[in-house]
Amino acid sequence: MISVMIKHFFSYPFILILLIVLGAGAGVATFLESMYDTQTAKLLVYQAWWYELVMVALTLSMIGLMYQRRMWVKMGAFIVHVAFV
């Protein structure tokens, strides 16, 4: 059970889902900022616990994927993924 969860946590589809959630959150924050003010968007999205949890999960997932796939062998892919982290 745990190995299946770890397998999915360190996968490209999971990372893609997390990136979509981050993008959707940033889009919502943009609309909140235009309707209200910057502080509202900051409070409701950028400093919200769920947004930070998604960022931490994305970072850990990408680090695990880089280790699992041994990306340091292909320096170009490794540099791109480290830049995201």
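Further up the page is the structure itself.
Residues numbered from 1 in each chain as written. Predicted model: local features only at pLDDT ≥ 70, side-chain atom pairs only at ≥ 80, totals over all residues. Heavy atoms only, no water.

Across its full length, the protein holds 5 helices and 0 strands. If one aligns the C-alpha atoms of the protein with their principal axes, the spans along those axes are about 45 × 35 × 15 Å. Out of the 85 residues in the protein, the part that is buried amounts to 25%. Intrachain contacts of the protein at a sequence separation of at least 6 include 54% that bridge at least 24 residues. Of the roughly 6,200 Å² of accessible surface on the protein, a fraction of 74% belongs to carbon and sulfur atoms. (Helix = DSSP H or I, 4+ residues; strand = E, 2+ residues; numbered from the N terminus. Buried < 20%, exposed > 50% of the residue type's maximum accessible area, 1.4 Å probe, protein only. Contact = heavy atoms within 4.5 Å. Areas by Shrake-Rupley, 256 points an atom, 1.4 Å probe, with all protein chains shown as cover.)

A few words now on the packing of aromatic side chains. For the structure shown, the criterion picks out 5 aromatic pairs. A ring pair is formed by Phe-9 and Phe-10, whose centres lie 5.2 Å apart and whose planes are at 75°; its orientation type is edge-to-face. Judged by its relative accessible area of 25%, Phe-9 is partly exposed. When the ring of Tyr-46 is compared with that of Tyr-51, the centres are 5.7 Å apart and the planes differ by 80°; the resulting orientation is edge-to-face. By way of ring pairs, the aromatic residues Phe-9, Phe-10 and Phe-14 are connected into one cluster. (Phe/Tyr/Trp six-rings, centres within 6.5 Å; stacked < 30°, edge-to-face > 60°.)

Moving on, we get to the environment of Val-4. With respect to the helices and strands, the residue Val-4 is situated in helix H1 (residues 2–9). The exposure class assigned to Val-4 is partly exposed, which follows from its relative accessible area of 43%. As for Val-4 and Val-73, which are separated by 69 residues in sequence, their C-alpha atoms are 26 Å apart.

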